[in-house]
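So you can see what is in the structure, the chains are spelled out below.
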Amino acid sequence: MVDPSAELRIWALHADWITPENASFTYITALQVATYNELGTVAQPAPGIALDGLGDRLMFRNQYRNFGSYETFVTCHNVDAGNGIAGLRWYEYRKTGSQFSLHQQSTFAPPDGNSRWMGSIAMNASGDIGIAYSVAGSSLFPSIYYTGRKAADPLNQFTKPEGVIQSGTAYMTGLFGRWGDYTAMNIDPVDNQTFWTTQEYVGTFGGSYPWATRIASFQFPD
């Protein structure tokens, strides 16, 4: 279903641990975003069952970074990019002074027939954006890929070639296709540049849901 009024709604939380009754959760504004089709399920090789697309929520996490003259946030979610193929919709929005604005947005869905979903996105201290995600299709076991962009690259694009973090080696047949319990993206606090991710894939561990988690890091060198 296409939502013609798709938007990111921004709320402000004020926590007061000394006087809890002074705490507040206040609606600030909404940023209009490009329309999209909500994702249903994701295919994997037969006889594997359809995987949960989790198309009804933002993915973890809505990352925040303060560059002094402005503050920035990056987030993503799963959408139907056409013909039931999942794509990654991502956003960077900014706060300058007291005003929020949408800086860039796009749907990442290369035309190879595979679904890309369950992304986790972050920005490093140089303004580079990295994203890691699940990839699966009718002839591709659930795997983990990554891509991203440098800060000075053209807006609204992931410009870096896709890399493979972990290739899947099996399909899933149980737990109603439940997917994506283990995914996150964070920046290394030592160099403030390296992207660290934890992601789920399907390995060779037997059973009807042979889940596994891979921890990996990557950079986009100059």
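Predicted model, so just to flag it, every value in this text is computed and none were measured.

What counts and what doesn't
- Residues numbered from 1 in each chain as written.
- Predicted model: local features only at pLDDT ≥ 70, side-chain atom pairs only at ≥ 80, totals over all residues.
- Heavy atoms only, no water.
- Helix = DSSP H or I, 4+ residues; strand = E, 2+ residues; numbered from the N terminus.
- Buried < 20%, exposed > 50% of the residue type's maximum accessible area, 1.4 Å probe, protein only.
- Contact = heavy atoms within 4.5 Å.
- Areas by Shrake-Rupley, 256 points an atom, 1.4 Å probe, with all protein chains shown as cover.
- Lys, Arg positive; Asp, Glu negative; His and termini not counted.
- Charge placed at Lys NZ, Arg CZ, Asp CG, Glu CD.
- Polar contact = N/O pair within 3.5 Å; in protein donor to acceptor, adjacent residues only side chain to side chain.
- Salt bridge = Lys/Arg side-chain N within 4 Å of Asp/Glu carboxyl O.

**Some words on the overall build of the protein chain**
Move 1: Secondary structure assignment for the protein chain yields zero helices and 16 strands.
Move 2: A burial count over the protein chain gives 45% of its 222 residues as buried.
Move 3: Of the contacts formed within the protein chain by residues at least 6 apart in sequence, a portion of 53% connects residues at least 24 apart.
Move 4: Accessible area for the protein chain stands at about 11000 Å²; split by element, carbon and sulfur atoms hold 53% of it.
Move 5: Charged side chains in the protein chain number 13 positive and 19 negative. The centres of these two groups are separated by 4 Å.

**With respect to the side chain of Asn-124**
Move 1: Within the fold, Asn-124 resides in the loop between strand S10 (115-123) and strand S11 (129-137).
Move 2: A relative accessible area of 1% places Asn-124 in the buried class.
Move 3: At 3.0 Å, the side chain of Asn-124 forms a polar contact with the backbone nitrogen of Ser-126.
Move 4: Within polar-contact distance, the side chain of Asn-124 engages the backbone oxygen of Gln-193 at 3.1 Å.

**With respect to the pattern of salt bridges**
Move 1: Inspection of every chain in the model, using the stated rule, returns six salt bridges.
Move 2: Taking the shortest distance from any N to any O, the salt bridge between Glu-7 and Arg-9 comes out at 2.7 Å.
Move 3: For Asp-56, the salt bridge goes to Arg-57, with nearest N and O atoms at 2.8 Å.
Move 4: For Asp-56, a relative accessible area of 52% gives the class exposed.
Move 5: Looking at Arg-57, the relative accessible area reads 43%, which means it is partly exposed.
Move 6: By sharing partners, the salt bridges in this structure join Asp-112, Arg-116 and Glu-162 into a single network.

**Considerations on the environment of Arg-57**
Move 1: In this fold, Arg-57 is placed in the loop between strand S5 (51-52) and strand S6 (63-66).
Move 2: Between the C-alpha atoms of Arg-57 and Asn-78, which are 21 residues apart in sequence, the distance is 8.0 Å.

The analysis is restricted to geometry; functional conclusions fall outside its scope.
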